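Structure assessment
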Amino acid sequence: MNHYDAVIIGAGHNGLTNAAYLAKAGLDVLVVEKNDYIGGAAVSRELHEGWVYSSCSYVCSMMRQSLHRDLDLSRHGLMLVPYLGTINFADNGDTLSSYHSEEAAYNELKRISRHDADAMFRLQADLTRYSQVIRKTLLRTPPDPASFKPRDIHELLFLAKEFWSLGEKELYEYIRFFTLSAADFLDEYFETDIVKTSMAGAGIIGTALGVYSPGSSYILLHHVMGDVDGSIGAWGLARGGMGAISEAIASALKSYGGEIRTNAGVERVLVKGGKATGVVLENGDIISADIVVSNLDARRTFTKIMEKDDLPPGIYEKAQNYKIRGSSGKVNIALSGLPKFTNVPDNPYVNRGGQAFSGSMETMERAYDCWKRGTWSDDPFIESVIPSAWDPTVAPPGMHWMSNFIQYCPPELADGPWTPEKRDQFGQTVIDKIERYSPGFKDLIVHMEVRTPWEIEQEVGLTEGNIFQGELTIDQLLFNRPFPGFAQYRMPIKNMYMCGSSTHPGGGVSSACGANAAREILMDLRRPNTVPQDDCYDE
Amino acid sequence: MIVTMNSFDLATEKPKPSHFQPRLDELNIKEAWSAWNGYKFAEYYYEVEYEYFCVRNLCGTYDICPMQKYFISGADAERMLNRMVTRDVTKMKNGRVSYVLWCTDEGRLIDDGTIFRLGDEEFMLTCGSPSTAWLKKSCVGFDNLTIRDRSDDYAGLALQGPTSCAVLKKMGLTGIENAKPFTIHHFDFGGKPLMVSRTGFTGDLGYELWIDAEHAVEMWDALYAAGQDYGIHPFGEQATNMLRLEAGFIMPGYEFNEALKTVHFEFDQTPFELNLGWMVDFKKPHFNGRSALVEEARRGPKYTLTKLDIEGNKPADGSFIYNSKRCTTDIGYVTSAMWSPVVKSNIALAMIETPYLNGELWAEINYEKELRQFHKVARCKIQDAPFWSPERARLTPPSDF
Ligand SMILES: Cc1cc2nc3c(=O)[nH]c(=O)nc-3n(C[C@H](O)[C@H](O)[C@H](O)COP(=O)(O)OP(=O)(O)OC[C@H]3O[C@@H](n4cnc5c(N)ncnc54)[C@H](O)[C@@H]3O)c2cc1C
């Protein structure tokens, strides 16, 4: 059959979620994916026998609980396991462990600074308060502030009510918060560099901003607003790697009768008389559909798989100007044993968490300077986690794999495009840095996958390798995402929708974009809504 | 003269150490102890949720030394047990384990436990509460048997979770992967007999290891050495309570009040009320409580223990169940409730008046937010299957993870 009620372009976790909800509502859906595997940036791949890497995303906390529950993803094989604290490594050799247990975490902070140990309570309360407001918007379609439709007005009032519930003072603080840099924000709480540094990493991950750039405080919030079973700010691992999330959603999709076709890259979206009518695949196959949904980022959707002439004036330019700068690299390493780190107690509860090689605020900012100059720092910020210390399915017993996320890594180098040699040099920089904190680390390496923004774009199709499918700055958030006037998942072409992380609420493995888009599609089809609108933890 | 507490003899006030105590002491870094049957017993070792996930994701050990262990042997052993419990013991083959219930003459549940058939005339009965008096009563009329209470000198350790089979293989228990659920296997552990059953209280893949108390620590060390790369970690009472609830297993003090300890009329339960009617075998000859249970089976139980999936995420601990959202007539009460991290559901077991099972069910849930009390009314859906029942719990041989 080559006609479907809906065709979804891209089997990223959002595309799969979108398709699952449409199929659940009774639509005949097909997902077409260019790769021979599914998942996009939520993927598990065995590149070296016995080791399963989460090649891109590696930890999970944004996944919406109510979608997990509603799609019954546990029954489809998904298990999310919280992991323990993170150790921060400072330039001067000092470490700061964010212990999992409250009393240990407090004592550790107190060792560094009594002031900062106390201030941490206030920071956590403030971040939780800010998170709670944002969290309530995640499974809702942003209102169009220029519209007079009852639903938009209703949703605007909902937002207003949530913000007003903070109280006047906190409301001002909150608005200011969105414009602050991570450094300015943290300066209001802490005295010591290592404590600030330990929190600031979350403000730069995935973004082409520095710890001192305005707007990075929101990125920080974006990274702590998730939860694992209600404990806000906690992160978990998907058993089997992040691909287990995509696989579970795909299994739910199939249980509702949906189909997935891999090795089926889309060449062009077919448009007739201002309406989308289907897609042409790279192999020439035509699939006609009443509805076309794109899981690709906004830049890619409008400039790569659509004819400029099919678009209303101005859209192509908007997509060209959409901020989607690549800034991150990823190095996945198979290890023959668990690495030991200097200045860290031999404590399994700590060694089983994550590592942040953050250095200092200064070092993070210098790394950003390098990115601006089109090169990588020889002292980059690395956020690592060793999933195998928790997940018995991803490495042979006693052996491990370490996920290393590197901020920053430019999409293109000052002296030209990436080459395999330069990529390997970048990888070398990363392991050199880890070796400084873990003598003997290099001897443990069995296999290594180095990914610069170039590889990420080639494989996942994230433009410039931007992990969020577009910067999470206030001009591209909420009703501005991806562009003002098009934040409700509908595209400027009839019967065409967007469901990827380029839409509200943005990047991260949350399934929210895909689910929200499905709700809008079902509304346009005048079908009953089957998509949860709230998350059960936010009562 | 100054009298300090040091001058008293308080030894008898202290809980008895478990046979694994030296190791438990090292690992209970949060010092979270309570007691069970007089033994020192961990509520948790590090953190409840951490231990819970060790069992669902890797493997964990649970000290079952405080459980009661009665060795019943002799020509009349089978007949005695068969008269005592509601299932048919004569159908049990050697080397098998069976989950059993025993009742008063009125058909009220005294306790649940497991029978291990070690031979034609040799059984081990395990249960949570000391039962010497009831066992003695149950022997009336059977002369050809002896009961040896080995509760204090036979050590037990449960090993539960997806990597548990891999750990036992690594420990050198050759062939353990072929052990089917509810079977018993004997191994030579450095010249000492080690018994392993594929049983447990978590609804997951798992085993229980049994050995003479004096070798307990040695066995522990061998097990932990083997489990190093498989995430082995002890889990305490609180994690156990989460795990068993997900599996849909009942617990004394939650779902049932032991009949012999019950003060108020019919404040204890029957097997039918606990939804364990399948464990009552009317085809076998007379057993304790039979006629009362025949009558109850005909009439239907007053209450039925029901598995509920409750909307929202606030655990319905202690909630009343109503037949309408208006909450005017209560028709039951929640016995155990939790948010299930692996199932991602708000689950509960509830005793509900049987006639109301076909109608709407609503729970009135109280919860707290920064010291303020709130309540909400949430719709409940009846669930028939256990909340958690992974395929690996039934597979033979199970996979390594
Ligand atoms: C290195 C890295 C690390 C990250 N770390 C985390 C993390 O730890 N935690 C977290 O929550 N988030 C993380 N993220 C972000 C998160 O992974 C993404 O935001 C999210 O997975 C995007 O999902 P999506 O479904 O919106 O889009 P994508 O995953 O980008 O899916 C798009 C899909 O479309 C396919 N496609 C592209 N072009 C075509 C075409 N022409 N035809 C057909 N198919 C096509 C792609 O192959 C892909 O499968 C990370 C991302 C990266 C890259």
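Let me begin by describing the structure that accompanies this report. (Residues numbered from 1 in each chain as written. Chains lettered and ligands numbered in written order. Predicted model: local features only at pLDDT ≥ 70, side-chain atom pairs only at ≥ 80, totals over all residues. Heavy atoms only, no water.)

**A word on the overall build of chain A**
- Of the regular secondary structure elements, chain A holds 17 helices and 20 strands.
- What you see for chain A is a C-alpha radius of gyration of 22 Å, in line with the 24 Å of a compact globule of 539 residues.
- Looking at the 539 residues of chain A, the share that counts as buried comes to 64%.
- With an accessible surface of roughly 19200 Å², chain A has 51% of that area assigned to carbon and sulfur atoms.
- Measuring between centres, the 51 positive side-chain charges of chain A sit 4 Å from its 69 negative side-chain charges. (Helix = DSSP H or I, 4+ residues; strand = E, 2+ residues; numbered from the N terminus. Rg over C-alpha atoms; globule rule 2.2 N^0.38 Å. Buried < 20%, exposed > 50% of the residue type's maximum accessible area, 1.4 Å probe, protein only. Areas by Shrake-Rupley, 256 points an atom, 1.4 Å probe, with all protein chains shown as cover. Lys, Arg positive; Asp, Glu negative; His and termini not counted. Charge placed at Lys NZ, Arg CZ, Asp CG, Glu CD.)

**Some details on the site of the ligand**
All names here are of chain A.
- The immediate surroundings of the ligand are formed by 36 residues, with Glu33, Ala41, Val59, Val266 and Ser501 found nearest.
- A distance of 3.2 Å separates a nitrogen atom of the ligand from a polar backbone atom of lysine 34.
- In isolation the ligand exposes 1000 Å². Once the protein is present, 97% of that is buried.
- Breaking the shell around the ligand down by element, the ones donating at least two residues are α1 (13-24) and α16 (453-460).
- When residues in the shell around the ligand are grouped by element, the largest group, three residues, is from α16.
- Among the residues making up the shell around the ligand, the classes are represented as 18 nonpolar, 15 polar and three charged. (Near = heavy atom within 4 Å. Polar contact = N/O pair within 3.5 Å; in protein donor to acceptor, adjacent residues only side chain to side chain. Nonpolar A, V, L, I, M, F, W, Y, C, P; charged D, E, K, R; others polar.)

**A short note on the interface of chain B and chain A**
- In this assembly, 36 residues from chain B lie in contact with 26 residues from chain A.
- Between chain B and chain A, a total of about 2700 Å² is buried, with carbon and sulfur atoms accounting for 51% of that surface.
- Of all residues in chain B, the largest losses of buried area upon contact with chain A belong to Tyr50, Asn57 and Lys344 of chain B, amounting jointly to 24% of the total for that side.
- Inspection of the chain B/chain A interface yields three salt bridges.
- Between aspartate 309 of chain B and arginine 69 of chain A there is a salt bridge, and its shortest N-O distance comes to 3.1 Å.
- Along the contact surface separating chain B from chain A lie 14 residue pairs in polar contact (both at pLDDT 80 or more).
- When residues of the side of chain B that touches chain A are traced back to their parent elements, those giving at least two are α2 (48-57), β14 (303-310), β17 (345-353) and β18 (362-369) of chain B.
- A per-element tally of the side of chain B that touches chain A places α2 of chain B first, with six residues. (Contact = heavy atoms within 4.5 Å. Buried area = accessible area lost by both parts, 1.4 Å probe. Salt bridge = Lys/Arg side-chain N within 4 Å of Asp/Glu carboxyl O.)

**Structural notes on the sheet that holds strand β8 (residues 146-149) of chain B**
All names here are of chain B.
- One open sheet holds the five strands; their spatial order is β5-β6-β7-β4-β8, and the pairing between them is antiparallel. At either margin of the open sheet sits one strand with a lone partner, and together these are β5 (97-103) and β8. With strand direction ignored, the average angle separating the axes of adjacent strands in the sheet is 30 degrees.
- Relative to strand β6 (residues 109-119), β5 runs antiparallel, the two sharing seven bridges. Bridge assignment links tyrosine 99 to a residue of β6, and that residue is threonine 114. (Pairing = 2+ DSSP bridges. Axes fitted to C-alpha atoms, helices over the stretch in contact; angles between N-to-C directions.)

**Looking at the packing of α2 of chain B against helix α7 (residues 237-247) of chain B**
All names here are of chain B.
- Interaxial distance between α2 and α7 falls to 8 Å at its minimum, and their mutual angle equals 50 degrees. By the angle class used here, α2 and α7 are oblique. Two packed elements cross with a definite hand, and for α2 against α7 that hand is right-handed. Contacts between α2 and α7 pair Val48, Glu51, Tyr52, Val55 and Arg56 from the former with Gln238, Ala239, Met242, Leu243 and Glu246 from the latter.
- Here the contact of α2 with α7 is built from residues that sort into six nonpolar, one polar and three charged. (Parallel < 35°, antiparallel > 145°, perpendicular 65-115°, else oblique. Left-handed = near helix turned anticlockwise from the far one by under 90°.)

**Quick look at the pairing of strand β17 (residues 381-385) of chain A**
All names here are of chain A.
- The buried count for β17 comes to four of five residues, which makes it a mostly enclosed element.
- Note: strand β16 (residues 354-359) against β17, four bridges, orientation antiparallel. Its bridge partner being in β17, glutamine 355 is matched across the sheet by serine 384.
- Bridge analysis of β17 against strand β18 (residues 400-407) gives five bridges, and the strand direction is antiparallel. Across the sheet, valine 385 pairs through a bridge with serine 403, a residue of β18.

**Here's the deal with the nonpolar core**
All names here are of chain A.
- Ranked by internal contacts, the top residues of the largest apolar core, which has 112 residues, are Leu123, Tyr174, Phe185, Phe190, Leu221 and Trp390.
- Per-element accounting of this core gives the leading share, eight residues, to helix α4 (residues 114-137).
- In this view, phenylalanine 185 contacts Leu123, Leu127, Tyr130, Phe177, Leu180 and Ser217; residues no more than four positions away in its chain are not counted.
- Listed in part, the 45 residues of the second largest apolar core include Leu27, Val31, Cys60 and Leu67. (Core = buried A, V, L, I, M, F, W, Y, C linked by side-chain atoms within 4.5 Å.)

**Thoughts on unusual backbone geometry**
All names here are of chain A.
- Residues glutamine 407 and tyrosine 408 are joined by a peptide bond in cis, for which omega reads 20 degrees.
- By the secondary structure assignment, tyrosine 408 is in the loop between β18 and α15 (420-437).
- Residues histidine 504 and proline 505 are joined by a peptide bond in cis, for which omega reads 5 degrees.
- With respect to the helices, strands and loops of the structure, proline 505 is situated in the loop between β20 (496-498) and α17 (512-524).
- A positive phi is found at leucine 478, a non-glycine position, where the angle reads about 50 degrees.

**Comments concerning the packing of aromatic side chains**
- Enumeration over the complete set of coordinates arrives at 46 aromatic pairs over all chains.
- With centroids separated by 5.2 Å and ring planes inclined at 65 degrees, the aromatic side chains of phenylalanine 185 of chain A and tyrosine 189 of chain A adopt a geometry described as edge-to-face. Take phenylalanine 185 of chain A and tyrosine 189 of chain A: they sit in the same class, and that class is buried.
- With a centroid separation of 5.0 Å and an interplanar angle of 80 degrees, the aromatic rings of tyrosine 52 of chain B and phenylalanine 53 of chain B are classed as edge-to-face.
- By relative accessible area, which is 1% here, phenylalanine 53 of chain B ends up buried.
- What links up through ring pairs into an aromatic cluster is the set Tyr130, Phe163, Tyr174, Phe177, Phe178, Phe185, Tyr189, Phe190 and Tyr218 of chain A.
- Between the NZ or CZ atom of arginine 140 of chain A and the centre of the ring of phenylalanine 158 of chain A, over which it lies, the distance is 3.6 Å.
- A cation over a ring is seen here: arginine 148 of chain B above phenylalanine 71 of chain B, with NZ or CZ 5.7 Å from the ring centre. (Phe/Tyr/Trp six-rings, centres within 6.5 Å; stacked < 30°, edge-to-face > 60°. Lys NZ or Arg CZ within 6 Å of the ring centre and 35° of its normal.)

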